[in-house]
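# A look at the structure
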Amino acid sequence: MSFQYYTQEGYDNLKNKLNDLKTKGRREISKAIAEAKDKGDLSENAEYDAAKDAQGLMEGEISKLEILFSSARILDESTIDISTVSLMNKVKIKNAKNGAIMTYTLVAEEEADLKQGKISINSPFAKGLLGKKVGDKAQIQAPAGMVEVEVVEISM
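None of the values given here were measured: they were computed from a predicted structure.

Bringing the environment of leucine 68 into the picture now. Along the chain, the position of leucine 68 falls in helix 2 (residues 46-70). In sequence terms leucine 68 and leucine 14 are 54 residues apart; their C-alpha atoms lie 8.4 Å from each other. Apart from residues lying up to four places away in sequence, leucine 68 is in contact with Tyr6, Leu14 and Glu110.

In this section: the packing of aromatic side chains. Counted according to the given criterion, the structure contains 2 aromatic pairs. Measuring from ring centre to ring centre gives 5.6 Å for tyrosine 104 and phenylalanine 125, while their planes differ by 70 degrees; the resulting arrangement is edge-to-face. You can see tyrosine 104 sitting in strand 4 (residues 101-107) and its partner phenylalanine 125 sitting in helix 3 (residues 124-129), a full 21 residues away along the chain. A relative accessible area of 15% places tyrosine 104 in the buried class. Phenylalanine 125 sits in the buried class, given a relative accessible area of 17%.

Below, the discussion takes up the side chain of asparagine 89. You can see asparagine 89 is positioned in the loop between strand 2 (72-74) and strand 3 (90-95). The contact partners of asparagine 89, leaving out residues within four places of it in the chain, are Ile80, Asp81, Ile82, Thr84, Tyr104, Thr105, Leu106, Ile154, Ser155 and Met156.

All right, on to the nonpolar core then. If you look at the biggest cluster of nonpolar residues, it comprises 22 residues, and the most contacted ones within it are Ile93, Phe125, Leu129 and Val149. Where this core is concerned, the elements lending two or more residues are strand 3, strand 4, helix 3, strand 6 (137-142) and strand 7 (145-155). Sort the elements by how many residues they give to this core and strand 7 lands first, with 4 residues. Excluding residues within four positions of it along the chain, phenylalanine 125 makes contact with Ile93, Tyr104, Ile119, Ile140 and Val149. In this structure, Tyr11, Leu21, Ile33 and Ala36 belong to the second largest nonpolar core, which totals 16 residues.

Rules used throughout
Residues numbered from 1 in each chain as written. Predicted model: local features only at pLDDT ≥ 70, side-chain atom pairs only at ≥ 80, totals over all residues. Heavy atoms only, no water. Helix = DSSP H or I, 4+ residues; strand = E, 2+ residues; numbered from the N terminus. Contact = heavy atoms within 4.5 Å. Phe/Tyr/Trp six-rings, centres within 6.5 Å; stacked < 30°, edge-to-face > 60°. Buried < 20%, exposed > 50% of the residue type's maximum accessible area, 1.4 Å probe, protein only. Core = buried A, V, L, I, M, F, W, Y, C linked by side-chain atoms within 4.5 Å.

Written out as structure tokens, the structure is:
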């Protein structure tokens, strides 16, 4: 079994989302199904069909999260090496073409949030930076084409 590493925050978010779906989510779906049943003939009851479909989708999401959670491990931040770009590093890079400076934190896929500067370790951009040291250049395939960047700083 391979493990998926998370920050404490990411691990707690995953745990809370799973718990919410298993408790509040299931309770709400059960209530919606019961209300739809009370409206009569189930063979022509669109509300009942919609509630059952929602239940199936939610149970699928619960199963997916349970699998993720079973392989989730909290990354001990004190053991993170900042000599090269790796998971949980904050990386400051400079675009070689236009000089733009960008800072990203490499995180587990489920924690990725571009608005917060967190990119998935599985993204092409992160993969292009992995293992690089300060001063190294990387050619990264971006949606707009090939981008050359230089690693300016690696931190926590």
